[in-house]
Amino acid sequence: QVQLVESGGGLVQPGGSLRLSCAASGFSFSLYDMSWYRQVPGKERELVARMPSGGGPITTNYADSVKGRFTISRDNAKNTMYLQMNSVKPDDTAVYYCHALRRLWSVYEYWGQGTQVTVSS
């Protein structure tokens, strides 16, 4: 059974930091491109950061709004992905989702249930 379970969300003050985790199970985590998305009510889900399956810092990409503040990483030995969020702003308030993708002859795609991040004083 495939599972992506996010954790680490919560309430944080502007300028603070938070680290999200995504624990994966039921599929070959190291072979998948992993991403973080976020969504606020009434808006489309948007990509925050992506790290390809074989990726390191050079191959990751970020939304312009989070560049220099957020860092995506993964630990294939632990089947876990992370999002380090620094210097957070009220506009970062959203539900954050973990996403796994692999394209072969078919598309294999999985989503987590999301974790709420609220940036407020």
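Fair warning: this is a prediction, and the values are worked out from it, not measured in the lab. (Residues numbered from 1 in each chain as written. Predicted model: local features only at pLDDT ≥ 70, side-chain atom pairs only at ≥ 80, totals over all residues. Heavy atoms only, no water.)

A word on the state of the cysteines
- Counting across every chain of the model gives one disulfide.
- One disulfide bridge connects Cys22 with Cys98, the sulfur atoms lying 1.9 Å from each other. In this structure the cystine formed by Cys22 and Cys98 twists about its S-S bond by roughly -70°; its chirality is therefore left-handed. Here Cys22 is found in strand β3 (residues 18-25), whereas its partner Cys98 is found in strand β9 (residues 94-103), with 76 residues between them in sequence. (Disulfide = S-S within 2.5 Å. Helix = DSSP H or I, 4+ residues; strand = E, 2+ residues; numbered from the N terminus.)

Here we look at the packing of aromatic side chains
- In this structure the tally under the stated criterion is five aromatic pairs.
- When the ring of Tyr37 is compared with that of Trp111, the centres are 5.0 Å apart and the planes differ by 65°; the resulting orientation is edge-to-face. With Tyr37 in strand β4 (residues 33-39) and Trp111 in strand β10 (residues 107-111), this residue pair connects regions lying 74 residues apart in the sequence.
- Here Tyr37 falls in the buried class, since its relative accessible area comes to 14%. (Phe/Tyr/Trp six-rings, centres within 6.5 Å; stacked < 30°, edge-to-face > 60°. Buried < 20%, exposed > 50% of the residue type's maximum accessible area, 1.4 Å probe, protein only.)

All we've got here are geometric facts, nothing functional implied.
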